[in-house]
Amino acid sequence: MKKKIIIAGFAGIGKTELAKKYRNVVDLDSSDYAYDNSMVQHLSLERRKGEVRPSNPNWPDNYIEAIKDATSKYDIVLVWDREDIIKEYLANNINFSLFYPDKSDLNNYVLRYRNRGNSENYIEMKLKQYNERMLFFNKLNVPKTILKDNKTLEDYLIRNGYPLSKL
């Protein structure tokens, strides 16, 4: 059996869907920790993404604590891949792996974003962030996995023998 893993994953790799299917996986969507969502509660989680919201004053400490707590309860903890929070993972000695799509698959990701209800502003932002994040990711000395051929995180975990407990 593989050890527990924290995965910082790019948007659209299948984090949320994975957590919906398996009881030993949790997706700590950062928006619940980083922002005050009181004005957008009526929107789905995916529609909230890309919306301008006030910052949560407890960020990022609340998110770091949630990650630490989740690692004692779940085998696979899925977290945000943004540069500022990755620096917090490193500062707090949180071991994680990066997962992101191959650049040649980005058109498939646009379809994923649209299918899950993300706004066009969000999609445009994610495409722009991809190149910026790759520059940052390449500087990091952490395990990295590039998902190719439109594969999802679930495909990778199953193929590599990670324990997934269906709901």
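As a reminder, the structure under discussion sits directly above these lines.
Definitions and cut-offs
- Residues numbered from 1 in each chain as written.
- Predicted model: local features only at pLDDT ≥ 70, side-chain atom pairs only at ≥ 80, totals over all residues.
- Heavy atoms only, no water.
- Helix = DSSP H or I, 4+ residues; strand = E, 2+ residues; numbered from the N terminus.
- Polar contact = N/O pair within 3.5 Å; in protein donor to acceptor, adjacent residues only side chain to side chain.
- Buried < 20%, exposed > 50% of the residue type's maximum accessible area, 1.4 Å probe, protein only.
- Arc of directions from axis to C-beta.
- Contact = heavy atoms within 4.5 Å.
- Core = buried A, V, L, I, M, F, W, Y, C linked by side-chain atoms within 4.5 Å.
- Axes fitted to C-alpha atoms, helices over the stretch in contact; angles between N-to-C directions.
- Parallel < 35°, antiparallel > 145°, perpendicular 65-115°, else oblique.
- Left-handed = near helix turned anticlockwise from the far one by under 90°.
- Nonpolar A, V, L, I, M, F, W, Y, C, P; charged D, E, K, R; others polar.

Draft legend 1. Quick look at the environment of Arg 133. Within the secondary structure, Arg 133 sits in helix H7 (residues 120-137). Sequence-wise, Arg 133 and Tyr 109 are 24 residues apart; in three dimensions their C-alpha atoms are separated by 15 Å. A polar atom in the side chain of Arg 133 sits 2.8 Å from the side chain of Asp 81.

Draft legend 2. Quick peek at helix H4 (residues 61-71). Tyr 63, Ile 64, Ala 66, Ile 67 and Ala 70 are the residues of H4 that are buried. Summarising the axial view, the buried residues of H4 lie within an arc of 160°, below the 170-degree limit, and thus occupy one face. Contacts made by the buried residues of H4 are with strand E1 (5-9), strand E2 (25-27), helix H2 (31-34), strand E3 (76-79) and helix H5 (83-91).

Draft legend 3. Expanded view of the nonpolar core. Tyr 63, Ile 76, Tyr 89, Leu 98 and Leu 157 are the most contacted members of the largest nonpolar core, which totals 50 residues. When residues in this core are grouped by element, the largest group, 6 residues, is from H7. Residues contacting Tyr 63, with those up to four places away along its chain left out, are Leu 28, Asp 29, Ser 30, Tyr 33, Leu 78, Val 79, Trp 80, Ile 85 and Tyr 89.

Draft legend 4. Inspection of the packing of H4 against H5 at higher detail. Axis separation between H4 and H5 bottoms out at 11 Å; the angle between their running directions is 55°. Taken together, the axis directions place H4 and H5 in an arrangement best described as oblique. Once H4 is placed against H5, the crossing between them reads as right-handed. Contact with H4, carried on its side by Tyr 63, Ile 64 and Ile 67, involves Ile 85, Glu 88 and Tyr 89 of H5 and no other residues of that element. In terms of residue class, the contact of H4 with H5 is built from 5 nonpolar, no polar and 1 charged.

Everything listed here is a matter of geometry and, on its own, says nothing about what the molecule does.
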